[in-house]
Amino acid sequence: MNGNMEKTIDQLVSNSIFLGISYITSSVFSFIFWLILGKLLLPQDYGIVSTTINLSLLLATVGVMGFNISLIKLIPEYIEKGRNDKVTSLLRFSFKFILVLSIFIGIVITGFSEILAKLIKLPSSAIKFTGLLIVLMSGATFFDSSLRGFQNMKIVAASQFFGQLLKLLVSMVLIYLGFAYFGPFIGVATLYIMMIIFG
């Protein structure tokens, strides 16, 4: 019993350290990202980036439908009970559901991009990019939650660090190359692609 308690405490400390690194990395890189965008982009372009990314995050949250929280909670419970079959079923169902719903939302957003562009006063190209970001964000959330459920916090921290670093670098390079607000869009997409690859 004492050995089990020590193992649990070691895992708790290790997970906490890596999650702390993940949150700090994400916060610092996000702060730098928005600070640099504020310096490099015109105010109108900054507003387009901010609105598009936040709209994408909002709709990706709908696309995930709370499965991310369920995965983080249920995967360790099923593993503890030795129910690997349940873990596999849970992952398959969650992935299919999230993928189908996020693609549906992305298609609807893209299909109505002209109407939405006039309604919220964004370029239709930004609205169309929102459709892609929704799918990438939802997929990244699924894989990140799965890693957390399997207690792979080192990989979570690594994916956050490298993804956030790439987001920053890609955005800056593309802005300097004249991509304007598309630079940060592609940078953010790179972050979520990295999270999917690490997952």
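Residues numbered from 1 in each chain as written. Predicted model: local features only at pLDDT ≥ 70, side-chain atom pairs only at ≥ 80, totals over all residues. Heavy atoms only, no water.

## A short note on the overall build of the chain
- If you tally the helices and strands in the chain, you get 8 helices and 0 strands.
- Element order for the chain, N to C, with α for helix and β for strand: α-α-α-α-α-α-α-α.
- Expressed as lengths along the three principal axes of its C-alpha atoms, the size of the chain is roughly 60 × 35 × 20 Å.
- Burial status across the chain gives 40% buried among its 199 residues.
- Considering only contacts in the chain between residues 6 or more positions apart, those separated by 24 or more positions represent 75%.
- Working note: accessible area of the chain is about 10,900 Å², and carbon and sulfur atoms make up 71% of it.
- Measuring between centres, the 14 positive side-chain charges of the chain sit 8 Å from its 8 negative side-chain charges. (Helix = DSSP H or I, 4+ residues; strand = E, 2+ residues; numbered from the N terminus. Buried < 20%, exposed > 50% of the residue type's maximum accessible area, 1.4 Å probe, protein only. Contact = heavy atoms within 4.5 Å. Areas by Shrake-Rupley, 256 points an atom, 1.4 Å probe, with all protein chains shown as cover. Lys, Arg positive; Asp, Glu negative; His and termini not counted. Charge placed at Lys NZ, Arg CZ, Asp CG, Glu CD.)

## Details of the environment of T110
- By the secondary structure assignment, T110 is in helix α4 (residues 84–111).
- Residues contacting T110, with those up to four places away along its chain left out, are K128 and G131.

## With respect to the packing of aromatic side chains
- Taken as a whole, this structure holds 16 aromatic pairs when the rule is applied.
- Judged by centre distance (5.7 Å) and plane angle (65 degrees), the ring pair of F29 and F161 falls under edge-to-face. Pair noted here: F29 is in helix α1 (residues 2–40) and F161 is in helix α7 (residues 153–176), with a separation of 132 residues, a long-range link.
- Centre to centre, the rings of F129 and F185 are 5.2 Å apart; their planes meet at 20 degrees, and the pair counts as stacked. One end of the pair, F129, is in helix α6 (residues 124–149); the other, F185, is in helix α8 (residues 182–198), and 56 residues separate them in sequence.
- Stacked on the ring of F33, the Lys or Arg K167 has its end atom at 4.3 Å from the ring centre. (Phe/Tyr/Trp six-rings, centres within 6.5 Å; stacked < 30°, edge-to-face > 60°. Lys NZ or Arg CZ within 6 Å of the ring centre and 35° of its normal.)

## Notes on the packing of helix α2 (residues 43–64) against α6
- It is the contact of α2 with α6, at a shortest axis distance of 8 Å, that shows an interaxial angle of 45 degrees. The orientation of α2 with respect to α6, classified from their angle, is oblique. Crossing of α2 against α6: the hand is right-handed. Each of I48, T52, I53, L55, S56, L57, L59, A60, G63 and V64 in α2 lies in contact with α6, whose residues at this interface are A126, I127, T130, L133, I134, M137, S138 and T141.
- Taken together, the residues of the contact of α2 with α6 sort by class into 12 nonpolar, 6 polar and no charged. (Axes fitted to C-alpha atoms, helices over the stretch in contact; angles between N-to-C directions. Parallel < 35°, antiparallel > 145°, perpendicular 65-115°, else oblique. Left-handed = near helix turned anticlockwise from the far one by under 90°. Nonpolar A, V, L, I, M, F, W, Y, C, P; charged D, E, K, R; others polar.)

## Overview of a nonpolar patch on the surface
- Among the surface-exposed residues, M5, I9, V13, I17 and I21 lie close enough to one another that they form a single nonpolar patch of about 440 Å² accessible area.
- Its location among the elements puts I21 in helix α1.
- Overall, the relative accessible area of 40% leaves I21 in the partly exposed class. (Patch = residues over 30% accessible without salt bridge, like charges linked within 9 Å, V, L, I, M, F, W, Y side chains within 5 Å. Salt bridge = Lys/Arg side-chain N within 4 Å of Asp/Glu carboxyl O.)

## Examining unusual backbone geometry
- Of note, the phi angle at M65 is positive, near 55 degrees, even though the residue is not glycine.
- Among the structural elements, M65 can be located in the loop between α2 and α3 (67–80).
- With a phi angle near 55 degrees, K121 is a residue other than glycine that sits in the positive phi range.

## A few points about α6
- If you check α6, its first and last C-alpha atoms are 38 Å apart, about what 26 residues at 1.5 Å a residue would give, namely 38 Å.
- Among the 26 residues in α6, 19 count as buried, and that is most of the element.
- Just beyond α6, the residue with positive phi is Q151, at close to 65 degrees. (Expected span 1.5 Å × (residues − 1).)

## Things to note about the pattern of salt bridges
- Going through the model one piece at a time under the given rule, you end up with 3 salt bridges.
- Between D85 and R83 there is a salt bridge, with its nearest N and O atoms 3.0 Å apart.
- R83 gets classed as partly exposed once you look at its relative accessible area, which sits at 35%.
- Between D144 and R148 there is a salt bridge, and its shortest N-O distance comes to 2.7 Å. Of the two residues, D144 and R148 are both situated in helix α6; the distance of 4 residues between them amounts to about one turn of the helix. With respect to class, D144 is no different from R148; both count as buried.

Take it as geometry only, folks, not as evidence of what the structure does.
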